[in-house]
Amino acid sequence: MKKKLTILTVLLACGSLLSAATAYSTILSSAKANSPQMQNAELTYQNSLLTQQQNDLDDVVQVTVSSGTVSVLPADNGFNPQTGRKTVNEDLSLEPSVEIVLPNDGQTTITASTGLGFEYGDKDYYSVSPSVSAKHTFDLTGYDSDIAVSLSNSRTALQSEMTYRMAHLSFESQVLSSIKAILQAEQQLDEAKWNLSKAEKIFSDSLELGNMSEGSISYLQTVNQINLQKNSIAALEKQIATACEQYTTLTGLTWDGVDDLPSPDLTLNILPSGNTDVVLAGIDVEIATQNIEAKNASVSPSSIVVNGGVNGQISSSGKAIEGSAGVTYNAGNWSIGTGFSASKVQGSNDLNPSLTFAGSWTNKTTKRSDDLELQKLNNDLISAQNDLTDARTEYVQSAQNLRLEILNYTYTLQNQDAQNSYLASNLEYLNRLYEAGLCSHDEIEDAQKELEWAEYDNTINIIDGLIIENKIAQLNV
């Protein structure tokens, strides 16, 4: 019966470390809700999501409506002696127009306008000049600016996601470190108080038994040692008070222990493509490549512009219509084009065709500057490629270092398990000796305290494992 009561006492003592404790999930949730740092991280992440939504919006049709020029002139009722007719003057005229730009690569532009005119003196006179034209550009360089935009948007999204996840993992490790600091200080304080209690008992017994006299050298040395232990206890109590204040500031909770710590998952998988840092470095290489292609396209442009339209005039004096079409080829600093038009006037069977050719050349004044810019862009590409190699190397090295840390942690756990088994067996052995009258009650109490302190070590080891788990997650973010 005495043995069972002793073991029960040890179990209750170890369990008291976690009694009335707060669940770790509750601590973490409260800390995140209480932290301005995490609130800002959340707001930054939400803004990044909104930016991504803006970037993903499709281009829309652009419509521009213009009133054009509106003019009002004095009435003119003059007479033209050459024609023998009254002079016609558009006293009121306006030129409304609509321009539509389609959201395609060639920026197809459609323009429609209507010229309207009226004459004050001649109430029957009117003039309408409707026109419709369209233009489209075919880029022959092969460069697609949408690729560069897509790469930039992808990079921004990945960077935001990585920053957000890293902030959470780093904060969780910060909370774990705060808990660990309190537990370590509590363990040291408990050991210090226990050692002080034993030292004071030995000191008291020595005085009662006459093994030590007041004022002797051994007496003074013992008093100094006890005072040093008391000072250490006071320092540890201050340390715990400070750690608890920091814990409260961090979590918004009062420290009452921790419970329900999850088991660490220390599975380390090396990603074939690397982590986000490696992916971002790869995107930077692609962006650098696109910058070179964009510069080459601007240095040596090549495009075909196709345009055409129909316009006419309908007035009280007659009708006329004209159609036109044209093609222009632009290459570098020169261009060549041709156009065709035809017109027909009411009352005439004649169709008046017209064919035109045009060309231009301009000396290139930016060739040296363009060459230097291309050299800089090529250097940027080489630098980005080097950064990609560094990112891959750093990822592999970090994974290897973390793997070594996991091995050391596993070794620590194995030693702790062996220590726990030894302490439990030792207590059971001492209980048997105590029942046989072969050991003292003080030895039983010492063994019980060592089991209590081992419970601290077990909890601290779990916290260390969770911090390593966060490091694994941070590595592969």
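Here the structure is a predicted model, which is why all the values come from computation and not from measurement. (Residues numbered from 1 in each chain as written. Predicted model: local features only at pLDDT ≥ 70, side-chain atom pairs only at ≥ 80, totals over all residues. Heavy atoms only, no water.)

## Considerations on the overall build of the chain
Phase 1: When you go through the chain residue by residue, the secondary structure sums to eight helices and 14 strands.
Phase 2: In the chain, buried positions account for 30% of the 477 residues.
Phase 3: Partitioning the intrachain contacts of the chain with sequence separation of at least 6 by distance along the chain shows that 71% fall at a separation of at least 24.
Phase 4: Within the structure as shown, the chain displays about 28700 Å² of accessible surface, and the carbon and sulfur contribution to it stands at 54%. (Helix = DSSP H or I, 4+ residues; strand = E, 2+ residues; numbered from the N terminus. Buried < 20%, exposed > 50% of the residue type's maximum accessible area, 1.4 Å probe, protein only. Contact = heavy atoms within 4.5 Å. Areas by Shrake-Rupley, 256 points an atom, 1.4 Å probe, with all protein chains shown as cover.)

## As for the environment of Ser 160
Phase 1: Here Ser 160 is to be found in helix α4 (residues 145-209).
Phase 2: Considered as a pair, Ser 160 and Gln 46 are 114 residues apart in the sequence and their alpha carbons are 9.5 Å apart.
Phase 3: Those residues within four positions of Ser 160 in sequence are excluded, and the remaining contacts are Tyr 45, Ser 48 and Gln 52.

## A closer look at the nonpolar core
Among soluble globular proteins, nonpolar side chains are generally buried collectively.
Phase 1: Residues Tyr 24, Val 175, Ile 179, Leu 183, Trp 255, Val 258 and Ile 463 are the most contacted members of the largest nonpolar core, which totals 34 residues.
Phase 2: Listing elements by their share of this core, those giving two or more residues are α2 (24-34), α4, α5 (217-251) and α8 (441-475).
Phase 3: In terms of residue count, α4 provides more of this core than any other element does, 11 residues in total.
Phase 4: When residues no more than four places from it in sequence are discounted, the contact partners of Leu 183 are Trp 255, Val 258, Tyr 456, Thr 459, Ile 460 and Ile 463.
Phase 5: One finds Val 285, Ala 288, Ile 292 and Leu 402 within the second-largest nonpolar core, a separate group that totals 21 residues. (Core = buried A, V, L, I, M, F, W, Y, C linked by side-chain atoms within 4.5 Å.)

## Looking at helix α3 (residues 36-56)
Phase 1: If you check α3, its first and last C-alpha atoms are 30 Å apart, about what 21 residues at 1.5 Å a residue would give, namely 30 Å.
Phase 2: Buried within α3 we find Met 38, Ala 41, Tyr 45 and Ser 48. An end-on view of α3 places all buried positions within 75° of arc, on one side of the element. Summarising the geometry of α3, the exposed residues directed more than 90 degrees from the buried face are Pro 36, Leu 43, Gln 53 and Gln 54. (Expected span 1.5 Å × (residues − 1). Arc of directions from axis to C-beta.)

## Thoughts on unusual backbone geometry
Phase 1: Of note, the phi angle at Asp 260 is positive, near 60°, even though the residue is not glycine.
Phase 2: By the element assignment, Asp 260 lies in the loop between β10 (258-259) and α6 (276-299).

## With respect to a negative patch on the surface
Phase 1: Together, Asp 56, Asp 58, Asp 59, Asp 105, Asp 139, Asp 144 and Asp 146 give the surface a local cluster of negative charge.
Phase 2: Along the chain, Asp 146 falls in helix α4.
Phase 3: Its relative accessible area of 44% is what places Asp 146 among the partly exposed residues. (Patch = residues over 30% accessible without salt bridge, like charges linked within 9 Å, V, L, I, M, F, W, Y side chains within 5 Å. Salt bridge = Lys/Arg side-chain N within 4 Å of Asp/Glu carboxyl O. Lys, Arg positive; Asp, Glu negative; His and termini not counted. Charge placed at Lys NZ, Arg CZ, Asp CG, Glu CD.)

## Describing the pattern of salt bridges
Working definition: two side chains of opposite charge can pair if their charged atoms are close together.
Phase 1: Evaluation of the coordinates by the stated rule reveals 15 salt bridges.
Phase 2: The residue Glu 373 makes a salt bridge to Lys 376 at a minimum N-O spacing of 3.8 Å. Remark: Lys 376 and Glu 373 occur in helix α7 (residues 367-435); sequence separation between them is three residues, near one turn of the helix.
Phase 3: For Arg 432, the salt bridge is made with Glu 428, and the minimal N-O distance between the two is 3.3 Å. Here the residue Arg 432 and the residue Glu 428 both occupy positions in helix α7, the gap between them amounting to four residues, near one helical turn.
Phase 4: A residue is classified by how much of its surface remains accessible, and Glu 428, at 33% relative accessible area, is partly exposed.

## Some details on the packing of aromatic side chains
Phase 1: The tally for this structure, following the rule as stated, stands at four aromatic pairs.
Phase 2: Taking the centre distance of 5.2 Å and the plane angle of 85° together, the rings of Tyr 247 and Trp 255 count as edge-to-face.
Phase 3: What makes Tyr 247 buried here is its relative accessible area of 1%. (Phe/Tyr/Trp six-rings, centres within 6.5 Å; stacked < 30°, edge-to-face > 60°.)

## A few points about the confidence of the model for the chain
Phase 1: On average, the chain scores 86 in pLDDT, and the residues at 70 or more come to 88%.
Phase 2: In the model, residues 1-19 has pLDDT below 50 throughout and makes 23 contacts with residues more than four positions away in sequence or in other chains. (pLDDT = per-residue confidence, 0-100.)

## What about the packing of α2 against α5?
Phase 1: Interhelical geometry of α2 versus α5 gives an angle of 70° and a closest axis separation of 7 Å. When the axis of α2 is compared with that of α5, the two are roughly perpendicular. Between α2, through Ile 27, Ser 30, Ala 31 and Asn 34, and α5, the contact on the second element is made entirely by Tyr 247, Thr 248, Thr 249, Leu 250 and Thr 251.
Phase 2: Each residue belonging to the contact of α2 with α5 can be placed in one class, and the counts come to four nonpolar, five polar and no charged. (Axes fitted to C-alpha atoms, helices over the stretch in contact; angles between N-to-C directions. Parallel < 35°, antiparallel > 145°, perpendicular 65-115°, else oblique. Nonpolar A, V, L, I, M, F, W, Y, C, P; charged D, E, K, R; others polar.)

## Here we look at the side chain of Ser 35
Phase 1: Looking at the secondary structure, you find Ser 35 in the loop between α2 and α3.
Phase 2: With relative accessibility at 6%, the residue Ser 35 sits in the buried group.
Phase 3: At 3.2 Å, the side chain of Ser 35 forms a polar contact with the backbone nitrogen of Gln 37. (Polar contact = N/O pair within 3.5 Å; in protein donor to acceptor, adjacent residues only side chain to side chain.)

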